[in-house]
Amino acid sequence: MSLLRTSSTYNERRLKNKIRERETNLRWVDFYAAEHAYESMSAHLRKSVNGGASGMETSIDSKANELVSDLVLLLSYLSSLGLHKLPLKSLKNYSAYFMYKHSESSAQIEDMLAQHPFVYDRGALETELLGETPAEQLDLWAEPSELDVSSKQGERSKQASSALPFLALDGGDLYLYRFWSMQNQILQWRDERLSQPLVLTEHESEFLGPVLRNLFKLESLNEELDFQALAAAQSMQSNLSLVSGGPGTGKTTTAAKIIVLHLLLAQRRAAEEMSNVLPNVVCLAPTGKAAQRLASGVREQAESLIGAIGLNVDDSVKDTVESSVKGGVGGNPYDKAMIQAALPDEGQTIHRYILSLGEKLDPLMRTKSKSFTARLASHSGGQDEGAPCLIVVDESSMVDLSLMQKLVSVTSNKTALVFLGDYFQLAPVEPGDVFGDWVREFSQQVVPAQQMTCLEALLRQDVVKGFEGQSRPCAVGVNPLTILRKSYRFTGALAECAELVKSGSVSAFQSFAATQTEESAVRVCRLDAPEAPAREVVGLSVEHLTAMRQAYEGYKACVLKKASLEVLNEAFLKVQILCSTYLGPYGADAINAEIDVCMRASALESVHNDTSVISAQANYHGRPILLTQNYAQYGLYNGDIGFMLEQPRKEGFMLVFYRDGAEAVSILPTRISGQELAYAMSIHKSQGSEYDDVHVVLAPYAKELLTRSLLYTGITRAKHKVNLYLDQQSIQKILV
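For every chain, the first residue of the written sequence is number 1, and numbering continues from 1 along that sequence. The predicted nature of this model means local features are confined to residues of pLDDT at least 70 and side-chain atom pairs, given and counted, to a pLDDT of 80 or more, with totals for whole chains, interfaces and linings taken over all residues. Side-chain metrics in this entry use all non-hydrogen atoms of the structure; hydrogen atoms and water are not considered.

Asks: So what's going on with the nonpolar core? Which residues, and what values?
Replies: Here the nonpolar core consists of buried residues drawn from Ala, Val, Leu, Ile, Met, Phe, Trp, Tyr and Cys, with membership extended through side-chain atoms lying within 4.5 Å. For every residue, the accessible area (1.4 Å probe, protein chains only) is compared with the maximum for its type, and the residue is labelled buried under 20%, exposed over 50%, or partly exposed between those bounds. Among the nonpolar cores identified, the biggest contains 72 residues, and Y555 and L724 are the most heavily contacted of them. By size, the runner-up hydrophobic cluster in this structure holds 69 residues, among which are L15, V68, M99 and F166.

See below:
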């Protein structure tokens, strides 16, 4: 059935042609979403008119339906950019994406939407359905059909209940209903956690205080505030905490100490309760590579910390604990072996962790899975005996709305959650910047007095300076945020460049770039416009391509020597080319192909003098491969990098993945379909990784992808040096 009728057929045909000819950023899926919305609304309107449904406002005509379908079209497109909401006041900026012309003002549009049966208006529901009932008591998880229909909005929602609303209107922001529902489910879960009483009892605080101060070597009240110690103390006060910090601020170190503290507390409580349940900790991240790095880093540091605790904890504290605890797990509240056993052997992706609970919780696998509310209720009674005492999530800036909703729905109320990340890094690819939104929200809110008192008791430091600039009242019982502000590694020109990008000053950035030399830690290389392919297969100039090839000279030497897996891995991680896109002359695909041709020719030249053999043989020893899919059955995950290794006696090649301290994973290349070359990758792919020398290429023909977060993320992947390839217009687009 056609979306547009008679006089509107032209609009439909015009949009289809634009999508077909790629003259618009809109996608077919956006068009079909709008088509479905319009047809559903039209069918409902015809049914209401023909059936004479009472209460249905016949003023909801095709004009209002056109508006809603256009907004569905726009919001569907924006979701592809990672955006899950749109302020109504900014609608005029997106008029080019509409199929219809809308002359109404923002206020008129808001009124039209508030009256529409397929738009969920939270403000109207709070006012009409609940009267004086506080907004926080509104059941945000109820479907429209479950609402009291005594009001106009309730009646409209009831009549539209055969299909959920397409849009939601909340506080001047417009959402696709699905994303609005997810957001509010997560927020209600979050605020319930933060509204609970502080976690530590007075005796537990007296026990953990000396341990915490020992871990962070805090000695005097007047010394400089240790933000890592503040983050650890925060995590002990609430079952939800957020730790945000830039590169080199010690997020992994902080996580290791938080884990040790939580395990000590869990062991003490188990001893007091005479429980035989062993505490455990789970390390998660959005990607397998980041999760494994977190787990290995945490375990390495935590094991050394455990030894330090036994040597230095005050004897008076030991005597107090041991005299008050009888029996329990091992009969010893300082059982180091048990704490060591509770440390995670490996990290998991968030997806893998959720699915691992499928047999018990079944949140995703069945067609008719439990609702979000039912899954939460199943964890509210404290019966999850095997639940971890702590979950640490790294690279939280990459967690989108949908993934966060799934994670919190399967997390026991007994489990504390710590989210680590850099809120200024790239937002998730999928809709919803949950971690970034939370950090921005809580960074403006003061810390409640009771929480401040407890923090000072644990740290014996003046913690007020850790929350300077926060003036708004805290909306919940606990402010869970700590921002790590001291960098122990990322300093000098790299740190200055990153801060200039965050500040958004074009003139300051240009002045900084002008002072950098060939030997500087930051080098800005200006891009010329791409010229004819006949001159250069890749749009980069010969000079720029030469610089990138030379960066891999150290790795090429290892390839020519047919070095071992460990040597290849170490050499490869010294350099990485990062691109804003995979496509076009400045994209990762083209740069990968260019470097691979040169590397293959060098690798095979010493073996084959026949150029036809060289061109026909794709693989060579040391060819780096990046996985683009998860292969859990092999212990391989999206983002892992392996190397083609030539086998003895001319038995071909195996794709081998290095595992620090563990056996390498070897697999036939033909078993891996989701793979690409790894010399150049997208900046998104690089999140959570670090390299000595980084080359960041920002394609000038895809400026819609260029943001401050993108450039900041690329710069902060470098440990020693970064080369930036961009043009003047890109600088303006990013920083203005």
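Next, the rest of the story.
Asks: Go over the packing of helix α20 (residues 492-503) against helix α21 (residues 506-514), please, and point to the residues and values.
Replies: In the contact formed by α20 and α21, the axes pass within 9 Å of each other and the chain directions differ by 155 degrees. Relative to α21, the element α20 is oriented roughly antiparallel. In the packing of α20 onto α21, the handedness of the crossing is left-handed. When α20 is examined against α21, the residues A493, E496, C497, L500 and V501 are found in contact with a partner set consisting of A508, F509 and F512. Under the scheme applied, nonpolar residues are Ala, Val, Leu, Ile, Met, Phe, Trp, Tyr, Cys and Pro; charged residues are Asp, Glu, Lys and Arg; polar residues are all the others, including Gly. Class assignment of the residues belonging to the contact of α20 with α21 gives a composition of 7 nonpolar, no polar and 1 charged. Orientation is described by axes fitted as lines to C-alpha atoms, over the contacting stretch for helices, and by angles from 0 to 180 degrees between their N-to-C directions. Strands here mean DSSP runs of E at least two residues long; helices mean DSSP runs of H or I at least four residues long; both are numbered from the N terminus. For classification, angles of less than 35 degrees are called roughly parallel, those exceeding 145 degrees roughly antiparallel, those between 65 and 115 degrees roughly perpendicular, and all remaining angles oblique. In this scheme the crossing of two helices becomes right-handed for a clockwise turn of the near helix relative to the far one and left-handed for an anticlockwise turn of less than a right angle. Residue contacts are counted whenever heavy atoms from the two residues lie within 4.5 Å of one another.

Asks: Tell me about the pattern of salt bridges, and name the residues and values.
Replies: Criterion for a salt bridge: a side-chain nitrogen of Lys or Arg within 4 Å of a carboxyl oxygen of Asp or Glu. For the structure shown, the criterion picks out 20 salt bridges. Salt-bridge contacts for R190 lead to D191; the nearest nitrogen and oxygen are separated by 2.9 Å. Classification of R190 by relative accessible area gives buried; the value is 4%. Notably, a salt bridge pairs D596 with R600, separated by 3.2 Å at the nearest N-O pair. With D596 and R600 both in helix α25 (residues 588-605) and 4 residues apart, this pair spans about one turn of that helix. A residue is classified by how much of its surface remains accessible, and D596, at 3% relative accessible area, is buried. In this structure, a network of salt bridges that share partners links the residues R190, D191 and E441.

Asks: Any chance you could break down the pairing of strand β5 (residues 240-245) for me, citing the residues and the numbers?
Replies: Counting buried residues along β5, 6 of its 6 residues qualify, which places the element largely inside the surrounding structure. Where burial is concerned, the two faces of β5 agree: the one with L240, L242 and S244 and the one with S241, V243 and G245 are both buried. Only when DSSP finds a minimum of two bridges between them are two strands counted as paired. In terms of strand pairing, β5 meets strand β9 (residues 416-421) through 5 bridges, oriented parallel. From the neighbouring strand, L242 faces β9, where its bridge partner is F419. By the bridge criterion, 4 bridges tie β5 to strand β10 (residues 481-484) in an arrangement that is parallel. Paired with L242 across the two strands is L481, which belongs to β10.

Asks: Residue-level account of helix α18 (residues 434-442), with values.
Replies: Regarding α18, the residues found buried are V434, F435, G436, W438, V439 and F442. Buried residues along α18 sit against α7 (177-194), β5, α17 (401-409), β9 and β10. Here a polar contact means two N or O atoms within 3.5 Å. Within protein one must be a hydrogen donor candidate and the other an acceptor candidate, and residues neighboring in sequence count only if both atoms are side-chain atoms. The N-capping residue of α18, defined by a side-chain oxygen 3.1 Å from the backbone nitrogen of G436, is D433.

Asks: Please provide a residue-by-residue account of the sheet that holds strand β15 (residues 653-657), values included.
Replies: Strand order across the open sheet formed by 5 strands is β16-β15-β14-β13-β17, with antiparallel pairing between neighbours. Among the strands making up the open sheet, the edge pair consists of β16 (665-667) and β17 (675-677). Averaged over all pairs of adjacent strands, the angle between their axes in this sheet comes to 35 degrees, without regard to strand direction. Pairing of β15 with β16, which is carried by 3 bridges, proceeds in the antiparallel orientation. The partner of L655 across the bridge, within β16, is I667.

Asks: Summarise the sheet that holds strand β18 (residues 680-682); cite the residues concerned and give the values.
Replies: The strand order across the open sheet formed by 5 strands is β11-β20-β19-β12-β18, and the pairing between neighbours is parallel. Two strands in the sheet have a free side with no partner beyond their single neighbour: β11 (522-526) and β18. Across the sheet, the mean angle separating the axes of adjacent strands is 25 degrees when strand polarity is ignored. With 6 bridges connecting them, strand β19 (residues 691-697) and strand β20 (residues 718-726) associate as parallel partners. Opposite V697, over in β20, you have Y725 as the bridge partner. Sheet strands in contact with α20 are β11 and β20, and its direction is about 50 degrees off that of β20.

Asks: Help me get a handle on unusual backbone geometry, residues and values and all.
Replies: Residue E395 is not a glycine yet carries a positive backbone phi of 50 degrees. Relative to the assigned elements, E395 resides in the loop between β8 (390-393) and α17. With phi around 55 degrees, K562 is a residue other than glycine that occupies positive phi space. With respect to the helices and strands, the residue K562 is situated in the loop between α23 (553-560) and α24 (565-572).

Asks: Explain the packing of aromatic side chains to me, using residue names and the numbers behind them.
Replies: One pair of aromatic rings is described through two measures. These are the centre distance and the angle between the planes. For Phe, Tyr and Trp, where Trp contributes only its six-membered ring, two rings pair if their centres lie within 6.5 Å, and the inter-plane angle classes them as stacked under 30 degrees, edge-to-face over 60, or tilted in between. Applying the stated criterion to the full structure yields 20 aromatic pairs. A centroid spacing of 6.3 Å and a plane angle of 45 degrees characterise the contact between Y94 and Y97, whose relative ring orientation is tilted. By relative accessible area, which is 19% here, Y97 ends up buried. Seen from their ring centres, Y631 and Y634 are 6.5 Å apart, and the 25 degrees between their planes marks the pair as stacked. Classification of Y631 by relative accessible area gives buried; the value is 7%. Site record: aromatic cluster; members linked through ring pairs are Y552, Y555, F572, F643 and Y679. Of note, K257 hangs over the ring of F216, and the distance from its end group to the ring centre comes to 4.4 Å. Charge over a ring is defined by NZ of Lys or CZ of Arg lying within 6 Å of the ring centre and within 35 degrees of the ring normal.

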